[in-house]
Amino acid sequence: MASSPDATASNGSTPETPESGSAANGQDRRGRVRLRRAAVMAVPATAVAAGLMILTAQGALGVQFAISGMPFTVTATELNGTGFEQFGGLDNMAEDSPNAGDTGGQVLIVTSAIKNATLDHLCQSVDLGGTNLLITAGSGANKVQASHLTTDSTELSGDASFDNIEIGNDASTLDKAGVQGPKGVFSQQADTVRIANLRQTNYATTAAVFKLPGLKLRFSDQGC
Amino acid sequence: MSADARTDDSRDLREAFRQWRAHRPFWGGLLLTLAGAEILLTEKASLKVVLHIGMQGLAGYLLPTMMLLCGLLILFNPAQRLFYSLLGILLSLGTWLTSNLGGFFVGLLLGAVGSCLAFGWLPDQKPRRRLLRREPV
C-alpha cells in the first residue's frame, strides 16, 4: 500500500484534519503516504547517509563497534599496537541464545586489549549459514586504525613479537591498555605488540574508535 | 472474497484493525520499530565492556532504543508523527556511527524508509481508484 505511486491520485487540497474529522465519512477516508511529502525527507536523508558512508570509507569518520553472539573470523596481514594486555575470561551469551548448543551459553575466551592499533589488510567474516558476510578494509598506505580495541577470542594465531613484556601478572593489576580483568587470573601485558599474519576467531570486538579506510562490505561464498 | 467463510468475530476484528491502521502511518511506524529492534539484536557486547568505554558505548544502545520508542509512538500517537519521524530519521542515521554501522546497514535502511513513510503520511485522503473498485458495496 505504502509504496504505490499515488502522486496523481488527488490534488493536495484536502485539508489536514487528523483523526477527529474523519468520523463522519469514516469508512473510505483512509490516511495515505503522499510520495512528494515523503520525498522531502527521503532526499536529504539519502544524501546524508551517502555522505556518512563515503566519509567512513575514506577513514575520515570513526565508527564504533560492539558486536558478538556468533563467532566471526578476523584476519590481517599485520597488526601493530601500543599498550597490549591479554587475559582469560568467560563470556556469557544472551539468555536462550540459539547459538548456545551444548556449551551452556558460555564460552571460554581470551580477552586481548590494545590501546592503539593499526591493522593492514583487515578482513572480517561472519558465517551466516551458507554465505559469509565479508568486510574488508585498509590496504596499502591507508591502514585500519582502532583505539581501545578489545577482542574476546577463542583462537588466535600469528607471528608475534612484544616489547617489554610482563608475563604472569594478576589480571586485575594490568595498566598498559586501561582494561582490568578479574582477580586471580593469569595475564600478560606489553608496551608494544606486532603480529604478522594475524588470524582470530572472535566472539566480541569493541573499540572506542575504529577507522576503516577503503571499506568494502559484501556477501561471499568464502570467508577470510 | 472468502469473508463469508470466516466467523463474524474474526471479520469484525480484521475490519477494526483495518480501520485502526487507516488512521495512522502504520507501515512507517512498524518499519521504524523493527529497525530499532534489529539494531538492538545485533548488539551483544557485554555490558561491562560498554560501561568501560563510557558514554560512547552507551549511545550504541541508546539510539536504537529511542528508534524503537519513536516507532511505537508513531503507531500509538500519530498526531505527533512529524516530530517522531524527524527524530527517527536523525537517530537512524546516527546509528551508522554508534551501533555496528546501523545494524549492518539493515536497520539503518529500515529506519530511514520508515521515518520517510511516517513523514509523508497524511490522514483523510480520497480513496484510490483501485481500492474503490475492490471495496464491497
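Report on the accompanying structure. (Residues numbered from 1 in each chain as written. Chains lettered and ligands numbered in written order. Predicted model: local features only at pLDDT ≥ 70, side-chain atom pairs only at ≥ 80, totals over all residues.)

**Some remarks on the overall build of chain A**
So the rule is basically this: Numbering of helices and strands runs from the N terminus, with a helix taken as a DSSP run of H or I at least four residues long and a strand as a DSSP run of E at least two residues long. Here a residue counts as buried when 20 or more other C-beta atoms fall within 10 Å of its C-beta, as exposed when 12 or fewer do, and as partly exposed in between; the C-beta atoms come from the backbone. A residue pair is marked as a contact if its C-beta atoms, positioned from the backbone, fall within 7 Å.
Check the secondary structure of chain A and you find one helix and nine strands. Counted from the first residue to the last, chain A has its helices and strands arranged as β-α-β-β-β-β-β-β-β-β. A total of 224 residues make up chain A; the buried ones form 33% of that total. The long-range fraction of contacts in chain A, counting pairs at least 24 apart against all pairs at least 6 apart in sequence, stands at 78%.

**Considering the overall build of chain B**
Secondary structure assignment for chain B yields eight helices and one strand. Secondary structure of chain B in N-to-C order comes out as α-α-α-α-α-α-α-β-α. The buried share of chain B, reckoned over its 137 residues, is 47%. A fraction of 77% describes how many contacts in chain B between residues 6 or more apart in sequence connect residues 24 or more apart.

**Thoughts on the packing of helix H2 (residues 26-42) of chain B against helix H7 (residues 106-120) of chain B**
Residue and element names in this part refer to chain B. Cut-off, in case you're wondering: Whenever a helix is involved, its axis is fitted only over the stretch in contact; in every case the axis is a line through C-alpha atoms, and angles between N-to-C directions fall within 0 to 180 degrees. Reported orientations rely on four angle classes, namely roughly parallel under 35 degrees, roughly antiparallel over 145, roughly perpendicular from 65 to 115, and oblique for the rest. Left-handed is the label given to a crossing in which the near helix is rotated counterclockwise from the far helix by less than a right angle, and right-handed is the label when the rotation is clockwise. Nonpolar residues are Ala, Val, Leu, Ile, Met, Phe, Trp, Tyr, Cys and Pro. Charged residues are Asp, Glu, Lys and Arg, and all others, Gly as well, are polar.
Between H2 and H7, the least distance of the axes is 7 Å, while the angle of their chain directions is 160 degrees. Relative to H7, the element H2 lies roughly antiparallel. The two elements H2 and H7 meet at a crossing, and its hand is left-handed. Within the contact between the two elements, H2 uses Trp27, Gly28, Gly29, Leu31, Leu32, Leu34, Ala35, Glu38 and Ile39 and H7 uses Val106, Gly107, Leu110, Gly111, Val113, Gly114, Ser115, Leu117 and Ala118. Across the contact of H2 with H7, the residue classes break down as eleven nonpolar, six polar and one charged.

**Points about unusual backbone geometry**
Within the chain, His121 of chain A stands out as a residue other than glycine whose phi angle is a positive 55 degrees. For His121 of chain A, the position within the fold is in the loop between strand E3 (106-120) and strand E4 (122-127). Phi at Phe105 of chain B is positive, roughly 75 degrees, even though this residue is not glycine. Within the fold, Phe105 of chain B resides in the loop between helix H6 (100-104) and H7.

**Description of H7 of chain B**
We apply this condition: Any helix carries an expected span of 1.5 Å times its number of residues minus one.
Taking 1.5 Å as the rise per residue, H7 of chain B with 15 residues should run 21 Å; its terminal C-alpha atoms sit 21 Å apart, in good agreement. Counting buried positions along H7 of chain B yields 13 of 15 residues, so the element is predominantly enclosed.

**Points about helix H5 (residues 81-98) of chain B**
Residues and elements named next belong to chain B. If you check H5, its first and last C-alpha atoms are 25 Å apart, about what 18 residues at 1.5 Å a residue would give, namely 26 Å. Those residues of H5 that sit buried are Arg81, Tyr84, Ser85, Gly88, Ile89, Leu91, Ser92, Leu93, Gly94, Thr95, Trp96 and Thr98. Positive backbone phi, at 50 degrees, marks Asn100, one or two positions downstream of H5.

**Quick notes on the packing of H5 of chain B against H7 of chain B**
Residue and element names in this part refer to chain B. The N-to-C vectors of H5 and H7 enclose an angle of 160 degrees; their axes lie 8 Å apart at closest approach. Considering their axes alone, H5 and H7 lie roughly antiparallel with respect to each other. Taken as a pair, H5 and H7 cross one another with a handedness that is left-handed. Taken together, the residues of H7 that come into contact with H5 (itself represented by Arg81, Leu82, Tyr84, Ser85, Gly88, Ile89, Ser92, Thr95 and Trp96) are Gly107, Leu108, Gly111, Ala112, Gly114, Ser115, Ala118 and Phe119.

**Description of the pairing of strand E5 (residues 132-137) of chain A**
All names here are of chain A. The test is simple: Note on pairing: two strands pair once DSSP finds at least 2 bridges between them.
Across six bridges, E4 lies against E5 in antiparallel orientation. Residue Gln124 lies in a different strand from E5, and its bridge partner there is Ile135. Counting the residues that bridge the hairpin from E4 to E5 gives four residues, and of these Gly129 lies at a positive phi of roughly 75 degrees. Strand direction decides the pairing type here: E5 and strand E9 (residues 216-220), joined by five bridges, are antiparallel. Bridging from a neighbouring strand, Asn132 pairs with Ser220 of E9.

Purely spatial values, then, with no claim about function.
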